[in-house]
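# Structure at a glance
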Amino acid sequence: MAATIDEIKESFLEFDVEIKDDEILEKFLFLSTLFGMDAESLTNEWIAFQSRNNHCDVTIHQLTLLEREITNVRAKTRKSVKIETPIKQEIKMEYCDVIKNDSLNNNDSLLEEKVKPSQIYSSRTNSGEVVDCLCLGDSPDEGVWQGGRGRVKVTWEGRKKGKYMFQRVQESCDVNNDHIEIGGSLIMEENKEIESYAPCGGNSQTPVVIMGRVRSEDGAKLTPHSVALEGDRGVSSGRVGVVGVEGLTEFSLFPGKLVAMRGVNMDGKKFHVSKIFDLPRKVGRMRVGNGSKEEHFTIMVASGPFTTSDSDDHKPLLDFLDVVTKMQPSLTIFIGPLVEKASSGKTYADSAKFWTSHIINTISDITEVVFVPSQRDVFHHPVYPQPPYNVPGSTKVHLVSNPATIIVNDKIKIGVSSTDILFHLVATEISRSATKKSDRIGRLVSHILNQGSFYPLYPPDKSVNLDLLSSEDHGRIPPDVDLLLLPSNLQHFIKDVGGHICINPGRIVKGRSGGTYARILVDEDRSCVAEIIKI
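Residue positions are given per chain, counting from 1 as you read along its sequence in written order. Per-residue local features are limited, in this predicted model, to residues with pLDDT of at least 70; the limit for side-chain atom pairs, both in listing and counting, is 80 or more; totals at the level of whole chains, interfaces and linings are taken over all residues. The basis for the side-chain values is all heavy atoms of the structure; hydrogens and waters are excluded.

For every residue, the predictor reports its confidence as pLDDT, a number between 0 and 100. Overall, the prediction assigns the protein chain a mean pLDDT of 85, with 89% of residues at 70 or greater. Should any heavy atoms of two residues lie within 4.5 Å, those residues are counted as being in contact. Scored below 50 in pLDDT, residues 79-119 makes 126 contacts in the model with residues more than four places away or belonging to other chains.

Written out as structure tokens, the structure reads:
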């Protein structure tokens with residue numbers, strides 16, 4: 001179904017891309033009508049095209065080339081695809097520079113040429129503006145946010161230390177097989193109609209249920225016509241069966257998703273799916289509140305990078321520290337990258353030591369401080385799961401792993417991962433919805449919660465050095481997690497997903513412009529208020 005101009009604008013805004021040129025909007029509308037694409041599919045096609053063409057600008061010429069490319073692809077396949085087309089697997093994170101988001105490389109000349117921010121950091125006028133809020137009624141007064149009830153007890157679970165990238169092929173295969181078997185057991189326990197599983201790839205004249213991990217049939221990008229299911233050793237002997245989802249009115253799949261499927265396989269070549277069973281998710285304990293309880297604690301969350309793309313000055317970090325000093329939250333969480341490039345005249349390690357020490361000396365006496373590392377930190381191990389920082393003065397703060405589960409007062413569980421799984425899922429997910437407009441972000445967060453993993457995508461994005469053995473022990477999301485912090489280059493958000501409060505605080509800077517941070521108020525009865533604020 002063709003999209004409207006407003007739908008196209010809104011879809012691109014999810015990537016922080018604002019299109020104002022009427023001629024370009026008309027061209028996108030023409031492509032939507034020509035190829036029968038909705039706004040989401042059209043956006044995904046453009047992002048994939050842009051990532052394959054050196055992050056080209058949005059111009060009429062480039063849109064004409066996109067039109068030619070889609071026409072050629074459809075002529076070759078002789079199939080008219082009218083559902084969402086995923087972004088290519090090889091999409092690179094550097095694309096975010098072009099879409100007015102965080103710079104993930106240090107190519108300032110590219111940023112100057114491709115992106116023209118509406119305002120540079122030093123001249124911003126919207127500091128302190130609340131841009132998103134989750135609250136019953138009006139947001140609490142500023143006085144309620146200040147101080148909370150003072151310091152809180154903080155513990156955490158995650159990867160402490162240890163070797164990585166020493167995994168054997170057999171061990172990796174065992175972990176993958178265990179994931180499939182455990183997922184199949186959980187689905188069967190939740191759905192009593194499933195009595196047993198049939199092997200993937202086998203003939204079935206009557207409806208049966210198969211289970212396994214979603215993957216692409218040919219090892220390339222996942223499309224609606226290349227969906228396959230990799231079975232376990234016990235039932236399927238590790239075989240991969242091709243599945244057809246053409247008869248479904250709704251589905252949402254990505255590589256690595258654990259599912260069960262009901263259907264038939266008349267000729268042994270393709271399993272035609274009539275129903276998909278997802279992993280069950282425990283209902284969360286959090287609820288949206290209004291901040292009226294006297295007993296509460298407050299959290300502030302900032303995600304790096306903490307320097308603008310055109311400077312190595314940490315002014316954004318210093319401004320955030322000023323806010324923390326004023327508000328005195330119970331807990332302050334810094335999510336990396338803390339140091340994405342060295343300060344002038346300093347090595348990477350010296351820059352890291354200087355800024356962590358500055359943070360500790362400035363605010364550790366007024367708030368509990370947590371540091372979460374990032375694979376983009378130039379001074380730290382680029383592996384996932386990632387061990388904590390190793391910096392001086394660590395006795396005054398909490399150095400946790402990436403990902404980690406932070407436990408406050410032995411009660412509230414906060415899951416956090418600095419790796420941008422949301423952006424990676426956008427690049428690989430395929431979906432069809434019975435409704436004209438669906439909540440894409442809510443759907444992506446549901447994937448993460450349902451799969452019970454901070455990084456359920458497999459194979460992982462090329463930017464992620466996944467240690468599969470360690471992720472088995474340290475990459476799982478507790479089923480009773482209360483808050484889930486998922487910083488991403490996608491647009492900031494706060495969502496209540498089945499009793500789990502999920503937050504993308506945004507980045508503290510976006511290119512040369514100021515970004516956002518989050519603050520959260522949690523009452524004694526597990527009610528929550530959250531805001532996204534401009535730095």
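From this point on, the discussion continues.
Moving on, we get to the pairing of strand β8 (residues 271-278). On a regular strand, each side chain points to the face opposite its neighbour's, so the side chains alternate between the two faces of the sheet. When DSSP finds two or more bridges between two strands, those strands count as paired. Secondary structure counts use DSSP, requiring at least four H or I residues in a row for a helix and at least two E residues in a row for a strand, with both numbered from the N terminus. With two bridges connecting them, strand β5 (residues 240-244) and β8 associate as parallel partners. Counted as the bridge partner of Gly244 is His272 from β8.

What follows deals with the packing of aromatic side chains. Each aromatic ring pair is specified by the distance between its two centres and by the angle formed by the two planes. In this scheme Phe, Tyr and Trp rings, the latter by its six-membered ring, pair at centre separations within 6.5 Å, and the angle between planes marks the pair as stacked below 30 degrees, edge-to-face above 60, and tilted otherwise. For the coordinates displayed, the defined rule picks out 11 aromatic pairs. Relative to Phe334, the ring of Phe320 has its centre 5.6 Å away and its plane inclined at 90°; by these criteria the two rings are edge-to-face. With Phe320 in helix α10 (residues 315-327) and Phe334 in strand β11 (residues 331-335), this pair connects stretches of sequence that are 14 residues apart. Accessibility here uses a 1.4 Å probe with only protein chains present; expressed as a share of the type maximum, an area under 20% marks a residue as buried, one over 50% as exposed, and anything in between as partly exposed. Phe334 sits in the buried class, given a relative accessible area of 1%. Taken together, Phe306, Phe320, Phe334, Phe371, Phe379, Tyr389 and Tyr517 form an aromatic cluster joined through their ring pairs. In this scheme, the term charge over a ring applies when either NZ of a lysine or CZ of an arginine sits within 6 Å of the ring centre and within 35 degrees of the ring normal. When the ring centre of Tyr121 is taken as reference, the NZ or CZ atom of Arg124 above it lies at 4.0 Å.

This next bit is on the side chain of Glu340. As for its position among the elements, Glu340 is in the loop between β11 and α11 (348-363). What qualifies as a polar contact is a pair of N or O atoms within 3.5 Å, subject to a donor-acceptor requirement within protein and to the restriction that residues adjacent in sequence count only when both atoms come from side chains. A polar contact is formed between the side chain of Glu340 and the side chain of Arg376, at a distance of 3.0 Å.

Angles shown run from 0 to 180 degrees and are taken between the N-to-C directions of axes, each axis being a line fitted to C-alpha atoms and, for helices, limited to the stretch in contact. In contact at an axis separation of 10 Å, helix α1 (residues 5-13) and helix α2 (residues 22-35) are set at 100° when each is read in the N-to-C sense. Viewed along their axes, α1 and α2 adopt a mutual orientation that is roughly perpendicular. The residues of α2 that touch α1, namely those facing Ile5, Ile8, Lys9 and Phe12, are Leu25, Glu26, Phe28 and Leu29. Nonpolar residues are Ala, Val, Leu, Ile, Met, Phe, Trp, Tyr, Cys and Pro. Charged residues are Asp, Glu, Lys and Arg, and all others, Gly as well, are polar. A class-by-class count of the residues in the contact of α1 with α2 yields six nonpolar, no polar and two charged. Relative orientations are named as follows: roughly parallel for angles under 35 degrees, roughly antiparallel for angles over 145 degrees, roughly perpendicular for angles from 65 to 115 degrees, and oblique for any other angle.

Moving on to the sheet that holds β5. Read around the barrel, five strands follow the order β3-β4-β5-β8-β7 and close on themselves; strand pairing throughout is mixed. The average undirected angle you get between the axes of adjacent strands in this sheet is 55°. Judged from the three bridges that link them, strand β4 (residues 227-230) and β5 form a sheet pairing that is antiparallel. Within β5, the residue paired with Leu229 across the bridge is Gly241.

A few words now on the environment of Glu40. Relative to the helices and strands, Glu40 resides in helix α3 (residues 39-52). Owing to a relative accessible area of 12%, Glu40 belongs among the buried residues under this scheme. C-alpha of Glu40 to C-alpha of Ile8: the two residues are 32 residues apart in sequence and 7.7 Å apart in space.

Strand order across the open sheet formed by six strands is β2-β14-β15-β17-β19-β18, with mixed pairing between neighbours. For this open sheet the edge positions go to β2 (154-158) and β18 (493-497), each flanked by a neighbour on one side alone. The average angle at which neighbouring strand axes cross in this sheet is 20°, direction not considered. Sheet topology note: the strand β17 (residues 483-485)/strand β19 (residues 500-504) ladder contains three bridges and is parallel. In the sheet register, Leu484 faces β19, and the bridge partner there is Cys502.

Once that is clear, we can look at the pattern of salt bridges. For salt bridges, the criterion is a side-chain nitrogen of Lys or Arg within 4 Å of an Asp or Glu carboxyl oxygen. Inspection of every chain in the model, using the stated rule, returns 22 salt bridges. Across the pair Arg285 and Asp482 runs a salt bridge whose closest N-O atoms are separated by 3.0 Å. With Arg285 in the loop between β8 and β9 (287-288) and Asp482 in the loop between α14 (468-474) and β17, the pair connects residues that are 197 residues apart, well separated along the chain. By relative accessible area, which is 0% here, Asp482 ends up buried. Here Glu531 ties to Arg519 by a salt bridge, and the two come within 2.8 Å at their closest N and O atoms. Of this pair, Glu531 sits in strand β23 (residues 527-534) while Arg519 sits in strand β22 (residues 516-523), and the two are 12 residues apart along the sequence. Among the charged side chains, a salt-bridge network with shared partners connects Glu40, Glu429, Arg440 and Arg443.

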